[in-house]
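# Architecture at a glance
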Amino acid sequence: MATIFTRIANGEIPSYKVAEDADFYAFLDINPLAKGHTLVIPKHVEDDYIFHLDEQTYAGLWAFARKVAVALKAAVPCQRVGVCVLGMEVPHTHIHLVPLQSEKDLNFANPRAVVTPEENARIAASILKEYENL
Ligand code: AMP
């Protein structure tokens, strides 16, 4: 059975898309640590552990994540884009990209950011625009 993230990448479940290519997809986290918190996934590989990916998919995922992080930083004011791989909740490999003002912002025990649907749509559109201009 397809994972929830595969269904998101296929458009069966809605998401705030921020970037996409033939093999990878990026979208806003539904429960973000900060505005613009993004998840990056492989579209065609559902393995739930990033270090199980074949080398080509692994390298491609990180190359795609780098481009998304550049677009994210251009669209959402922050000091850095932090990177984290957890996978404790959703069994489909994904990279978290989190806009940071300080190192304290990359703590999954923190309260989550409250973002309206309108704001998420606006943020996603501005990241996508930056991504398409890279
Ligand atoms: P983890 O598997 O521990 O890396 O956490 C999974 C992440 O996916 C969490 O930050 C969730 O908020 C996020 N998440 C779960 N379902 C969705 C969804 N439908 N759309 C966007 N993000 C989601």
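Refer to the structure above for everything that follows.
Structure report, in brief. (Residues numbered from 1 in each chain as written. Predicted model: local features only at pLDDT ≥ 70, side-chain atom pairs only at ≥ 80, totals over all residues. Heavy atoms only, no water.)

### What to know about helix 3 (residues 117-132)
- Compared with the 22 Å implied by 1.5 Å per residue over 16 residues, the 22 Å span of helix 3 between its first and last C-alpha is a close match.
- What helix 3 keeps buried is the set Asn120, Ile123, Ala124, Ile127 and Tyr131. In a view along the axis of helix 3, the buried residues occupy a sector of 100°, so they form one face of it. Facing away from the buried surface of helix 3 by more than 90 degrees, the exposed residues are Glu118, Arg122, Lys129 and Glu132. (Helix = DSSP H or I, 4+ residues; strand = E, 2+ residues; numbered from the N terminus. Expected span 1.5 Å × (residues − 1). Buried < 20%, exposed > 50% of the residue type's maximum accessible area, 1.4 Å probe, protein only. Arc of directions from axis to C-beta.)

### Focus on the pairing of strand 1 (residues 17-20)
- Across 3 bridges, strand 1 lies against strand 2 (residues 24-28) in antiparallel orientation. Residue pairing for strand 2: Glu20 is matched across the bridge by Tyr25.
- Counting the residues between successive antiparallel strands, the hairpin from strand 1 to strand 2 contains 3 residues. (Pairing = 2+ DSSP bridges.)

### Observations regarding the nonpolar core
- Of all hydrophobic cores here, the largest spans 25 residues; its most connected members are Val18, Val40, Phe64, Val68, Leu97 and Ile127.
- Contributing elements (two or more residues each) for this core: strand 1, strand 2, helix 2 (55-75), strand 5 (95-100) and helix 3.
- Once you skip the residues sitting within four places of it in the chain, Val68 turns out to touch Val18, Ala19, Ala26, Thr38, Val40 and Leu97.
- One finds Phe5, Phe27, Ile41 and Val90 within the second-largest nonpolar core, a separate group that totals 8 residues. (Core = buried A, V, L, I, M, F, W, Y, C linked by side-chain atoms within 4.5 Å. Contact = heavy atoms within 4.5 Å.)

### So, the site of the ligand
- The full set close to the ligand counts 16 residues, and Asp29, Glu89, Val90, His94 and His96 are the nearest of them.
- Within the backbone of Ile30, a nitrogen or oxygen atom sits 3.0 Å from a nitrogen atom of the ligand.
- A distance of 2.7 Å separates an oxygen atom of the ligand from a polar atom in the side chain of His96.
- Among the elements of the structure, helix 1 (4-9) and strand 2 are those that each provide at least two residues to the shell around the ligand.
- Sorting elements by how many residues they give to the shell around the ligand places helix 1 first, with 3 residues. (Near = heavy atom within 4 Å. Polar contact = N/O pair within 3.5 Å; in protein donor to acceptor, adjacent residues only side chain to side chain.)

### Describing the packing of aromatic side chains
- Under the counting rule described, the total for this entry stands at 7 aromatic pairs.
- Both rings, one in Phe5 and one in Phe27, keep their centres 5.2 Å apart while their planes meet at 75°; by these two values the pair is edge-to-face. Placement of the pair is Phe5 in helix 1 and Phe27 in strand 2, with a sequence separation of 22 residues. Considered together, Phe5 and Phe27 belong to a single accessibility category, that of buried residues.
- Taking the centre distance of 5.8 Å and the plane angle of 35° together, the rings of Tyr25 and Phe27 count as tilted. Neither residue differs from the other here; Tyr25 and Phe27 are each classed as buried.
- The rings of Tyr49, Phe51, Tyr58 and Trp62 are connected pair by pair, giving a single aromatic cluster. (Phe/Tyr/Trp six-rings, centres within 6.5 Å; stacked < 30°, edge-to-face > 60°.)

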